[in-house]
Amino acid sequence: MSHHHTHKKAKKGDGSHESHHEAHQLFRTHKSHNSSVAGHVKPPHKVPGIEVGPATGVIYIMDRAMANGYYYGNPEWSNLGQGAPEVGHIPGATPKPTSLNFEEFGEGIHEYAPTAGYKPLREAVADYYNREFRQGNKKKYGAENICIVPGGRAGLSRIAACLGKINVGYSVPVYSAYENTLGAFNSFVSIPNQTDEVHGYRVTPEQIDKEVKDRGLSCWLMSNPNNPTGTMMRGEELQRLVEVFKGRGATLIADEFYSWYDHEGPLGGAISAAEYVEDPNEDPIVLIDGLTKNWRCPGWRICWVVGPKELVSALAAAGSWSEGGASHPMQCLALQMMTADRCKQDRLALQKHFRMKRDHCLKRLASMGLEVKVPPQATFYIWVSLADLPPPINSGLTFAEEALKEKVCLTPGIFFDINPSKRRNIVDSPCEAFVRLSFGPPLEELDRGLDGIERLIKKAKSGHPDVGTNYKPHKEDEHHDNVHAAPSSGS
Ligand SMILES: Cc1ncc(COP(=O)(O)O)c(C=O)c1O
């Protein structure tokens with residue numbers, strides 16, 4: 001029996017095992033995974049005392065892409081794996097700032113900024129929440145409720161650094177860095193909750209309430225809108241969720257990085273739990289957002305955490321021993337991004353543009369037999385089920401390897417599962433039959449990528465013997481920081 005034939009027989013539930021799949025073996029033997037493949041022993045690090053920890057899924061897929069000849073900016077490739085929005089001009093948007101006059105800010109701009117952030121920016125962020133979400137609410141957010149952080153992941157790490165010996169719940173699939181960020185601090189226990197396609201990947205306030213009650217959770221961390229499934233809790237449902245946490249005396253941490261990428265609500269609107277917070281200093285509601293996605297400036301590393309002032313003090317203290325805070329000049333520049341006019345205009349432009357890209361991708365996927373059963377309500381991700389495709393391309397890891405042959409990067413679904421590398425058999429992961437497609441890039445790049453996906457499906461359906469095998473070995477000496485490497489990104 002040929003190797004290829006083995007794949008054809010591999011089907012979930014029929015005894016299929018990851019050891020039958022070349023893509024899965026590559027995954028296990030990557031330097032960032034603690035391999036459990038027989039005969040593969042992770043070699044000691046070249047630098048004494050160093051042990052390389054896990055990397056995010058995006059780093060894995062970028063490494064695999066580089067092994068296949070990709071380099072950042074290669075015009076032949078299409079990067080639908082990395083979770084970043086296009087940063088160039090889009091129709092109707094305000095041009096981005098091109099300079100910052102340091103003189104306007106005096107010599108103080110060279111000083112450390114406070115670890116809670118530059119006060120005028122904290123005020124501008126508080127104004128943003130009051131203006132966009134709390135017009136009808138008497139109690140307003142103030143600078144004391146805002147902590148500026150050098151990126152969303154820095155915000156998550158600061159929060160994690162402040163958590164006690166508690167239980168934290170969250171639903172999966174979810175943003176892969178949660179596992180890494182939360183896992184780096186092992187004082188608390190994280191408890192995943194599976195969502196599924198049948199229920200539209202939804203988890204209701206009532207289910208979360210039950211989780212909190214039954215499992216004694218002190219915190220719930222949610223990506224709302226959700227990366228990677230694109231589901232979102234809004235309106236009255238989101239209000240009920242806020243009430244659950246007030247009632248139970250537990251904390252809701254809402255990651256709202258995609259709050260402008262709403263594809264269903266009225267054009268120009270945005271979603272935030274801030275709308276349902278009654279008292280900013282009393283309600284146990286913590287929000288995270290920043291310039292990374294909504295403002296399309298991932299490289300600025302200017303983000304924020306919003307919450308009761310005692311939380312902000314704790315976060316400031318965590319910043320004092322961890323990263324020391326965001327760049328002072330970039331915080332000054334960020335003031336320009338927070339004006340009411342700019343936010344309004346850019347959000348509208350962004351929604352029109354990304355709704356167009358979303359519809360375009362869904363239509364093209366459907367035409368190649370990849371009907372998306374749960375289309376994204378929000379975000380710029382499509383959680384693509386491969387279940388209807390023939391083996392071996394009904395596996396996310398294999399599909400992604402085949403896509404690399406066509407010069408397309410996609411993120412295998414397992415990276416959004418909880419703790420995939422510790423699973424005995426990857427094939428059993430509920431996320432294994434998925435890939436995440438990012439429609440963050442410009443339309444032209446999306447089409448190039450979709451052309452590649454179309455080619456790979458045709459090739460696989462024709463029974464081509466190259467499918468499922470002939471994958472490039474890992475390039476163990478490739479460094480993430482060399483000139484060809486992709487920039488860091490959240491996935
Ligand atoms: C849900 C979610 N939260 C937070 C982040 C982190 O953003 P940053 O790139 O600023 O660290 C991302 C981006 O990748 C994300 O998808």
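Residues numbered from 1 in each chain as written. Predicted model: local features only at pLDDT ≥ 70, side-chain atom pairs only at ≥ 80, totals over all residues.

If you check an unreviewed UniProt entry, the chain appears there as PLP-dependent transferase from Jaminaea rosea. Heading Sequence similarities (unreviewed entry) of the UniProt record for the chain holds this comment: "Belongs to the class-I pyridoxal-phosphate-dependent aminotransferase family." (UniProt positions renumbered as here; feature names shortened; annotations may be inferred.)

### A few points about the domain arrangement of the chain
Partitioning the chain into domains gives domain 1 (3-83 + 380-461) and domain 2 (102-339). Here domain 1 and domain 2 have C-alpha centroids that lie 30 Å from each other. Facing the 18 residues of domain 1 at the interface are 16 residues of domain 2. Looking at the side of domain 1 that touches domain 2 element by element, the count peaks at four residues for strand S9 (residues 381-385). Grouping the amino acids of the side of domain 1 that touches domain 2 by side-chain chemistry returns 10 nonpolar, six polar and two charged. (Domains from an automatic or database assignment. Contact = placed C-beta atoms within 7 Å. Helix = DSSP H or I, 4+ residues; strand = E, 2+ residues; numbered from the N terminus. Nonpolar A, V, L, I, M, F, W, Y, C, P; charged D, E, K, R; others polar.)

### Remarks on the sheet that holds strand S2 (residues 146-149)
Two strands in a sheet stick together by hydrogen bonds in their backbones, pointing the same way (parallel) or opposite ways (antiparallel). On the basis of which strands lie adjacent, the open sheet formed by seven strands has the order S2-S8-S7-S6-S5-S3-S4 and mixed pairing. Edge strands, defined here as strands with exactly one partner in the open sheet, are S2 and strand S4 (189-194). Within the sheet, the average angular offset between the axes of one strand and its neighbour, ignoring direction, is 20°. Here strand S3 (residues 167-172) pairs with strand S5 (residues 219-223) via two bridges, running parallel. Looking at the pairing, Gly169 lines up with Trp220 of S5. Contacts from helix H7 (residues 205-215) reach S3, S4 and S5, with the element oriented near 145° to S3. (Pairing = 2+ DSSP bridges. Axes fitted to C-alpha atoms, helices over the stretch in contact; angles between N-to-C directions.)

### Quick word on unusual backbone geometry
With omega at 20°, the peptide bond leading from Asn227 into Pro228 counts as cis. When you line up the elements, Pro228 lands in the loop between S5 and helix H8 (235-248). Residue Pro392 follows Pro391 across a cis peptide bond; omega there is 0°. Residue placement: Pro392 occurs in the loop between S9 and helix H12 (396-405). If you check the backbone angles, Thr379 has positive phi at about 70° while not being a glycine.

### Thoughts on the nonpolar core
Ile148, Trp220 and Leu252 are the most contacted members of the largest nonpolar core, which totals 132 residues. Two domains share this core, each providing at least three of its residues, namely domain 1 (3-83 + 380-461) and domain 2 (102-339). Apart from residues lying up to four places away in sequence, Trp220 is in contact with Gly169, Tyr170, Ile208, Val212, Ala250, Leu252 and Ile253. (Core = buried A, V, L, I, M, F, W, Y, C linked by C-beta atoms within 7 Å. Buried ≥ 20, exposed ≤ 12 C-beta atoms within 10 Å, placed from the backbone.)

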